[in-house]
Amino acid sequence: MRASPAELVQAIASGETGAMRELYSQFADALFRFALLGLGDRDAAEDVVQETMLAAWRGVGGFRGESSVRSWFFGICRNQVALELRRRGHAPEPVPPDEDAPAPEPSVSRLEIEEAMGMLDVEQRQLLHLVYVEGLPQREVADVLGVPVGTVKSRLFSARERLRSLLGEDEP
Amino acid sequence: MAQCCDEIREGIPWVVAGAASADQRGMAALHLARCASCRRELAREIALRERLRQAAMAVPGPGEAVWRKVAGRLERETDSPPERHWVLTVLGVCGTPALAIKVLEGALSPDAERPVREWLRPWVRLARAAL
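All values derive from a computational prediction rather than experimental measurement.

Turning next to the overall build of chain A. A count of helices and strands for chain A gives 8 helices and 0 strands. From first element to last, N terminus to C terminus, chain A shows the α and β order α-α-α-α-α-α-α-α. Across the 172 residues that make up chain A, the buried fraction comes to 42%.

Broken down by element type, chain B carries 6 helices and 0 strands. Taken from the N to the C terminus, the helices and strands of chain B come in the order α-α-α-α-α-α. In chain B, which comprises 131 residues, the share counted as buried stands at 15%.

Below, the discussion takes up the interface of chain A and chain B. Counting residues at the interface gives 36 residues for chain A and 26 residues for chain B. Listing elements by their share of the side of chain A that touches chain B, those giving two or more residues are α2 (19–39), α3 (42–59), α5 (108–118), α6 (122–133) and α8 (149–166) of chain A. Looking at the side of chain A that touches chain B, the element that brings in the most residues is α2(A), giving 7 residues. Within the side of chain A that touches chain B, the residues separate by chemical class into 23 nonpolar, 6 polar and 7 charged.

This next bit is on the confidence of the model for chain A. Reading fine detail from the predicted coordinates is not recommended where pLDDT is low. Per-residue confidence for chain A gives a mean pLDDT of 88, with 87% of residues at or over 70. Within chain A, no element has a lower average pLDDT than α5(A), which sits at 86, and none a higher one than α6(A), at 96.

Residues and elements named next belong to chain B. Within chain B, residue pLDDT values average 81, and 67% of them lie at 70 or more. Mean pLDDT per element in chain B: helix α5 (residues 83–108) is the minimum at 62, and helix α3 (residues 36–57) is the maximum at 94. Scored as a complex, the prediction yields pTM 0.76 and ipTM 0.85.

On to the nonpolar core. Residue and element names in this part refer to chain A. Grouped together as the largest cluster of nonpolar side chains are 61 residues, with contacts concentrated most on L31, A35, F73, C77, V131 and V141. Residue contributions to this core peak at 14 residues, all from α2. Setting aside residues up to four positions removed in sequence, C77 forms contacts with L31, F34, A35, V48 and T52.

With that settled, consider helix α1 (residues 5–13) of chain A. All names here are of chain A. Three or more residues of α1 are buried, namely L8, V9 and I12. All buried residues of α1 lie within an arc of 100° about the axis, which places them on one face of the element. Against α2, α3 and α4 (69–88) lie the buried residues of α1. With its phi angle positive at about 100°, G15 sits one or two positions after the end of α1.

This part covers α6(A). Residues and elements named next belong to chain A. Between its terminal C-alpha atoms α6 stretches 15 Å, which fits the 16 Å expected from 12 residues at 1.5 Å a residue. Of all 12 residues that make up α6, 9 are buried, and the element is covered over most of its length. Considered for burial, the residues of α6 that qualify are R125, Q126, L127, L128, H129, L130, V131, Y132 and V133. Within two residues after α6, G135 carries a phi angle of roughly 65°, on the positive side.

Turning to the packing of α6(A) against helix α7 (residues 138–145) of chain A, a few remarks are in order. All names here are of chain A. Relative orientation of the contacting elements α6 and α7 amounts to 150°, with a least axis distance of 11 Å. Between α6 and α7, the angle falls in the class roughly antiparallel. Here α6 and α7 pass one another in a crossing that is right-handed. For the pair formed by α6 and α7, the contact residues are L127, L130 and V131 on the first element and V141, V144 and L145 on the second.

All names here are of chain A. If you trace the backbone, L166 turns up in helix α8. With 54 residues separating them in the primary sequence, L166 and E112 have C-alpha atoms 9.0 Å apart. Filtering out sequence-adjacent residues up to four positions away, L166 remains in contact with A116 and M119.

Relative placement of two packed helices is described by the angle separating their axes and the distance separating the axes. Residue and element names in this part refer to chain A. Between α6 and α8, whose axes approach to 10 Å, the crossing angle comes to 100°. Of the possible angle classes, the one that applies to α6 and α8 is roughly perpendicular. Contacts from Q124, L127, L128 and V131 in α6 reach R155, L156, A159, R162 and L163 in α8.

Our focus in this paragraph is the environment of A:F157. All names here are of chain A. Mapped onto the secondary structure, F157 falls in helix α8. F157 sits in the partly exposed class, given 14 other C-beta atoms within 10 Å. Sequence-wise, F157 and L39 are 118 residues apart; in three dimensions their C-alpha atoms are separated by 23 Å.

How each quantity is defined
- Residues numbered from 1 in each chain as written.
- Chains lettered and ligands numbered in written order.
- Predicted model: local features only at pLDDT ≥ 70, side-chain atom pairs only at ≥ 80, totals over all residues.
- Helix = DSSP H or I, 4+ residues; strand = E, 2+ residues; numbered from the N terminus.
- Buried ≥ 20, exposed ≤ 12 C-beta atoms within 10 Å, placed from the backbone.
- Contact = placed C-beta atoms within 7 Å.
- Nonpolar A, V, L, I, M, F, W, Y, C, P; charged D, E, K, R; others polar.
- pLDDT = per-residue confidence, 0-100.
- Core = buried A, V, L, I, M, F, W, Y, C linked by C-beta atoms within 7 Å.
- Arc of directions from axis to C-beta.
- Expected span 1.5 Å × (residues − 1).
- Axes fitted to C-alpha atoms, helices over the stretch in contact; angles between N-to-C directions.
- Parallel < 35°, antiparallel > 145°, perpendicular 65-115°, else oblique.
- Left-handed = near helix turned anticlockwise from the far one by under 90°.

Take a look at the structure:
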């Protein structure tokens, strides 16, 4: 049976570093997509995934289980993205996230979404992603972004309206 | 649009994502059953989520190459002593002789017995020179 993220974190805290492999399998893709949204290039997003995994390993003793393991990882990943953006000294260019990836020919709908997402600011992209793609509950989104639940709701409203407007889907 | 509609619409993204609380789901179900406008909003939310998910899931993940880098760094960090041990080592190297000097200086104070002071004086000089 597949171990839960909480069990894996407990195993790592007890010194079983092998459990990191399973945590990587469970979270790497999601963390990578999240990092890519903020940074706009695959190499930097891969570096952020590395740093996130290592930061989680180093900080596992401080994880008290007050949030889910998933939101804990996203929180670390978000901090790593912010560090990278500060290191660059500017916000990322609004580049479609995976233009150099070996992916199948993207559909028109996907290109539209990527282009529209690229025009939002990083926080709006991250928020929409956590809610619509990752399906994190309100409390966990608030934990990841470090804001109250009420702020999550109001920011989501603005981000969603902006995205719809960019997609030409304003309310009739 | 009623205030109730605002509240329901605020929670719809989480209802659609299956991440709403039982209370939110219950309230939404009751409201949606009698509000055509919010049902249209629900349909738009479902469509938006589907587009966002499809775009996100089409992005290839980082793969095994990144795991190999993580594993290599974990191995190096596990093999080498953590940084905090260096701090303790430095404190041990510098702190212990400093403490010893303080003890010896106490022994050499005017309150200490004269033979003890005479015997200890060269050792204190030696320790100071070594630091």
